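If you want the building blocks of each chain, they are given just below.
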Amino acid sequence: PELQRLDALLESSTSSEVGVGGAEADIETQIRAREEKLAPLYTQIACEFADLHDRAGRMEAKGVIRKGLEWRRAREFFFFRVRRRLLEQSAINRLQAADSSLSAADAKKVVASWMPEEDDKAAISSYDAADIETKIEVARVEALKRAFKELYEQLPEGERASALS
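Scope of this entry: the structure provided in the associated data block. (Residues numbered from 1 in each chain as written. Predicted model: local features only at pLDDT ≥ 70, side-chain atom pairs only at ≥ 80, totals over all residues. Heavy atoms only, no water.)

Some details on the pattern of salt bridges
Next up, step 1: Taken as a whole and judged by the stated rule, the model has 11 salt bridges.
Next up, step 2: Residue Arg84 pairs with Glu88 through a salt bridge whose shortest N-O separation is 2.9 Å. Here Arg84 pairs with Glu88, and both are found in helix H5 (residues 74-98), just four residues apart, close to one helical turn.
Next up, step 3: In this structure Glu88 comes out as buried when scored by relative accessible area, which is 15%.
Next up, step 4: One salt-bridge network, in which partners are shared between bridges, spans Arg81, Arg84, Glu88 and Asp120. (Salt bridge = Lys/Arg side-chain N within 4 Å of Asp/Glu carboxyl O. Helix = DSSP H or I, 4+ residues; strand = E, 2+ residues; numbered from the N terminus. Buried < 20%, exposed > 50% of the residue type's maximum accessible area, 1.4 Å probe, protein only.)

Here is the structure:
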């Protein structure tokens, strides 16, 4: 059907009037032969079209990836990428445990602000140097302070003084 739309000879063959049964079979044979002749060409065009959309340069231009990957450095790249992601996810989980009011997206933003580097190796180094545990502890203390303040404000006025003693 798609070939018939794109090829003028096929289109004229399918749109012509057929009066005799033998002529109809002949036209069907011609259509099949033409489709078989054109199929490799259209397959090649479709593959080239798809291939052009999956190239690293095109994907970089569209912003889908940051940069192309060299095959010989792929193992090293993915090692550091996975290590960084694991460190980030661990920090996000611990931060959410320390401050239950944080959503996963909010915790991810906070952790990303602690490791702003784009390069995975540099991010891992900064993670080690940034003393993430101290930052998580500060977040835990701040969350506790907020919780105590909220509880204190819920107490009746007469009970507040006795709650602090």
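Things to note about the layout of surface pockets
Next up, step 1: Size it by volume and the largest pocket reaches roughly 450 Å³.
Next up, step 2: For the lining of the largest pocket, the elements supplying multiple residues, two or more each, are H5 and helix H7 (120-129).
Next up, step 3: The dominant element in the lining of the largest pocket, judged by the number of residues it contributes, is H5, at four residues.
Next up, step 4: Here the lining of the largest pocket is built from residues that sort into four nonpolar, one polar and 10 charged.
Next up, step 5: A volume near 320 Å³ is recorded for the second largest pocket.
Next up, step 6: Around the second largest pocket, the lining comprises 15 residues; the ones closest to its centre are Arg84, Arg85, Glu88, Lys108 and Ala112.
Next up, step 7: Element by element, the count of residues in the lining of the second largest pocket is highest for H5, at six residues.
Next up, step 8: Residue composition of the lining of the second largest pocket, by class: five nonpolar, one polar and nine charged. (1 Å grid on protein atoms, 1.4 Å probe; cavity = no way out; pocket = protein on both sides within 12 Å on 5 of 7 lines; lining within 4 Å. Points joined across faces, edges and corners; volume = space filled by probe spheres on them. Nonpolar A, V, L, I, M, F, W, Y, C, P; charged D, E, K, R; others polar.)

Brief notes about the packing of aromatic side chains
Next up, step 1: Taken as a whole and judged by the stated rule, the model has two aromatic pairs.
Next up, step 2: Ring centres of Phe77 and Phe78 lie 5.0 Å apart, and the angle between their planes is 80°; on these two criteria the pair is classed as edge-to-face. (Phe/Tyr/Trp six-rings, centres within 6.5 Å; stacked < 30°, edge-to-face > 60°.)

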